[in-house]
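An overview of the molecular structure
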Amino acid sequence: MKIQLEDLTKSFPGRGRNSSRVTAVKDFNFEIPDGELIGLLGPSGCGKSTTLNMICGLEKPTSGKIFFGDKDVTALPPEKRGVGMVFQNYALYPHLTVRQNIIFPLQNLKGKDKLSRAEMEKRAMDAAALVQIQELMERKPGELSGGQQQRVAIARALVKLPHVLLLDEPLSNLDARLRLQTREEIRKIQRATKITTVFVTHDQEEAMSISDRIVVMKAGVVQQTGKPQEVYDDPVNLFVAKFLGTPPINVFQGKIKNGKVCIGDAAVLDAPGQKDRDVFVGIRPEGFLLKEDGPLICQLGGVEVMGRDISIVSNHEASLNPNIRSIISAETKVDTSSEIVRFAVKPSKLFVFDGSSE
Ligand code: ATP
């Protein structure tokens, strides 16, 4: 099911007597094609959950519209929208078994949607099979690991055969290993069911790894949308550049001078025809090349060999990061006895942002 968000805006009353309204989401316009998995990404408080709650119907937009397919669902309550929702805290009923938890949403179906007991059992088993928890059906949530509980929550969201699946930070309560495993499973389930899915996270790596497309938000406003690699390779502003990538992008205070991008005295890239001005220069960790006559001269801090790669930590007075982190191939020889390290920069990994507007 295609989802369309049209000028979606949500503001809340301020808390104090004289405080102004909080705009949680502003003029959100976006189309999610049928069957895609979208990662909604941004720092805490940027409006991700509010957006998801509006899509699901738990929150009413202040203005704007939401369409599922061609149908305007803006005024419909959650139960009439055909959405499955999974939250961070699973919200399973502790006194019910896994089977009873999964069947629960089916018991309230009315009229033509009403199912027989046998149909409900079949649907629950199908949903359980999708997330591979068939052997756990008679257990109570307290007897399951966090990852298993989250799978039950996903099965429960899928049991009504929703057109749309909404996941709000579904992996935050899992440890690192389970997170990785569960995110791959979510991707597999989504591919198998082809349910249009919105996945909210503040973890850029998580969003980048499983999404068909990502939406990066800041303070209620969409900054950029696109395929993960496209956004990583061509960030529209400094915020997006800094938000994506581990280790993070290295940012330098720089200048455009005489048609060159300069960091201090070092001309790191040609910028023909560009007018002289102050800029921020962003260089991805993989954008540095170790070169004896490289223009960018940094103080060498340390070298870590990490199997395939070498991570070089260095410093430069124009760097805005506490350390410059560069990742180069392990085949490169690094003179660790030297106090300095000289870099050239790969043009495709260097981004220039305006000094005032970023
Ligand atoms: P997090 O990752 O921390 O969950 P988020 O990106 O999901 O954050 P939202 O929960 O959507 O952000 O909140 C967006 C903004 O709206 C925040 O400033 C938040 O304080 C505010 N907000 C959210 N819900 C309400 C509410 N019911 N009343 C007042 N303000 C709210």
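Along every chain, residues carry numbers that run from 1 in the direction the sequence is written. Reporting in this predicted model follows two pLDDT cut-offs: at least 70 for local features of residues, and 80 or more for side-chain atom pairs to be given and counted; totals over whole chains, interfaces and linings ignore these cut-offs and use all residues.

- Per an unreviewed UniProt entry, the recorded name for the protein chain is ABC transporter ATP-binding protein, and the organism is Fusicatenibacter faecihominis.

**Some points on the sheet that holds strand β1 (residues 3–12)**
- Two strands pair if DSSP finds at least two bridges between them. Helical segments are the DSSP runs of H or I of at least four residues, strand segments are the runs of E of at least two, and each set is numbered from the N terminus. Overall, antiparallel pairing links the four strands, which are arranged β2-β1-β4-β5 in an open sheet. Sheet topology places β2 (22–32) and β5 (71–72) at the edges, where each strand pairs with a single neighbour.
- Relative to strand β4 (residues 63–68), β1 is paired through five bridges, and the arrangement is antiparallel. The residue of β4 that forms the bridge with T9 is S63.

**Things to note about the site of the ligand**
- For each residue, a C-beta atom is positioned from the backbone; the residue is called near a molecule or strand if that atom sits within 6 Å of it. If you check the shell around the ligand, you find F12, V22, A24, G42, S44, G45, C46, G47, K48, S49, T50 and H202 and nothing else.
- Contributing elements (two or more residues each) for the shell around the ligand: β2 and α1 (48–56).
- Here the shell around the ligand takes three residues from α1, the largest share from any one element.
- Residue polarity follows a fixed list, in which Ala, Val, Leu, Ile, Met, Phe, Trp, Tyr, Cys and Pro are nonpolar, Asp, Glu, Lys and Arg are charged, and the others, Gly among them, are polar. Residues of the shell around the ligand, tallied by class, amount to four nonpolar, seven polar and one charged.

**A look at the sheet that holds strand β6 (residues 83–86)**
- Spatially, six strands are ordered β6-β7-β8-β3-β9-β10 in an open sheet, and the strand pairing comes out mixed. The sheet is open, and its two edges are formed by β6 and β10 (221–226), each paired on a single side. With strand direction ignored, the average angle separating the axes of adjacent strands in the sheet is 15°.
- Two elements, strand β3 (residues 37–41) and strand β9 (residues 213–218), share four bridges in a ladder whose sense is parallel. For helices, the fitted line uses only the C-alpha atoms of the stretch in contact; every axis is such a line through C-alpha atoms, and the angle between N-to-C directions lies from 0 to 180 degrees.

**Quick notes on the environment of T201**
- Topologically, T201 is positioned in strand β8 (residues 196–201).
- Between the C-alpha atom of T201 and that of K48, which follows or precedes it by 153 residues, the distance is 7.9 Å.
- Beyond its immediate sequence surroundings of up to four residues, T201 is in contact with G39, L41, E169, E206 and A207. Whether two residues are in contact depends on their C-beta atoms, placed from the backbone: they are in contact if these lie within 7 Å.

**Some points on the confidence of the model for the protein chain**
- Scored by pLDDT, the protein chain has a mean of 94; 100% of the residues are at 70 or more.
- Taken together, the chains of this predicted complex give a pTM of 0.92 and an interface ipTM of 0.97. As a per-residue measure, pLDDT tells how confident the predictor is, with possible values from 0 to 100.

**Remarks on the nonpolar core**
- Membership of the largest hydrophobic core comes to 88 residues, with the highest contact counts inside it found for L40, I102, A155, L166 and V198.
- Looking at this core, the element that brings in the most residues is helix α4 (residues 146–158), giving six residues.
- Counting contributing residues per domain, this core is built from domain 1 (3–243) and domain 2 (250–354), each supplying no fewer than three.
- Every residue in contact with L40, bar those within four places of it in the chain, is listed here: K48, T51, L52, V198, F199, V200, V215 and M217. Buried Ala, Val, Leu, Ile, Met, Phe, Trp, Tyr and Cys residues whose C-beta atoms connect them within 7 Å together make up a nonpolar core. In this scheme the burial state of a residue depends on its C-beta neighbours within 10 Å: 20 or more other such atoms mean buried, 12 or fewer mean exposed, and anything in between means partly exposed; the C-beta positions come from the backbone. Each domain's limits were defined by an automated method or a database of domain assignments.

**Some details on the domain arrangement of the protein chain**
- Each assigned domain of the protein chain is listed here: domain 1 (3–243) and domain 2 (250–354).
- One C-alpha centre belongs to domain 1, the other to domain 2, and the line joining them spans 39 Å.
- At the interface, five residues of domain 1 touch five residues of domain 2.
- Tallied by class, the residues present in the side of domain 1 that touches domain 2 amount to three nonpolar, one polar and one charged.

**Re helix α3 (residues 117–130)**
- Here, expected helix span is obtained from the residue count minus one, scaled by 1.5 Å. Here α3 contains 14 residues, and its C-alpha end-to-end distance of 20 Å stays within 8% of the 20 Å for a straight helix at 1.5 Å per residue.
- Along α3, the residues that are buried comprise M120, R123, A124, A127 and A128. The buried residues of α3 occupy an angular sector of 135° when projected down its axis, which confines them to one face. Exposed residues lying more than 90 degrees from the buried face of α3 are A118, E119, K122 and A129.
- Buried-residue contacts for α3 involve α2 (98–107) and α4.
- Positive phi shows up at Q132, right after α3, with a value of about 55°. Regarding the arc, it is the one traced by the directions from the helix axis to the C-beta atoms.

**Observations concerning the packing of α4 against helix α5 (residues 176–193)**
- Look at α4 against α5: their axes get within 11 Å of each other, and the N-to-C directions meet at 20°. Of the possible angle classes, the one that applies to α4 and α5 is roughly parallel. The hand of the α4/α5 crossing is right-handed. Across the interface between the two elements, G146, G147, Q150, I154 and L158 from α4 touch L178, Q181, T182, I189 and T193 from α5.
- When its residues are assigned to classes, the contact of α4 with α5 shows four nonpolar, six polar and no charged. Working rule for angles: under 35 degrees goes down as roughly parallel, over 145 as roughly antiparallel, 65 to 115 as roughly perpendicular, anything else as oblique. Handedness of a crossing is defined here by the sense of rotation of the near helix relative to the far one, left-handed for an anticlockwise turn of less than a right angle and right-handed for a clockwise turn.

**Notes on the environment of P347**
- Summarising the element assignment, P347 is placed in the loop between β19 (340–345) and β20 (350–354).
- The spatial distance from the C-alpha of P347 to the C-alpha of F288 is 9.6 Å, given a sequence separation of 59 residues.

**A short note on the pairing of β6**
- Both faces of β6 are covered, namely the face carrying V83 and M85 and the face carrying G84 and V86.
- Examined bridge by bridge, β6 and strand β7 (residues 164–168) share four bridges and lie parallel to one another. Paired with G84 across the strands is L165, a residue of β7.

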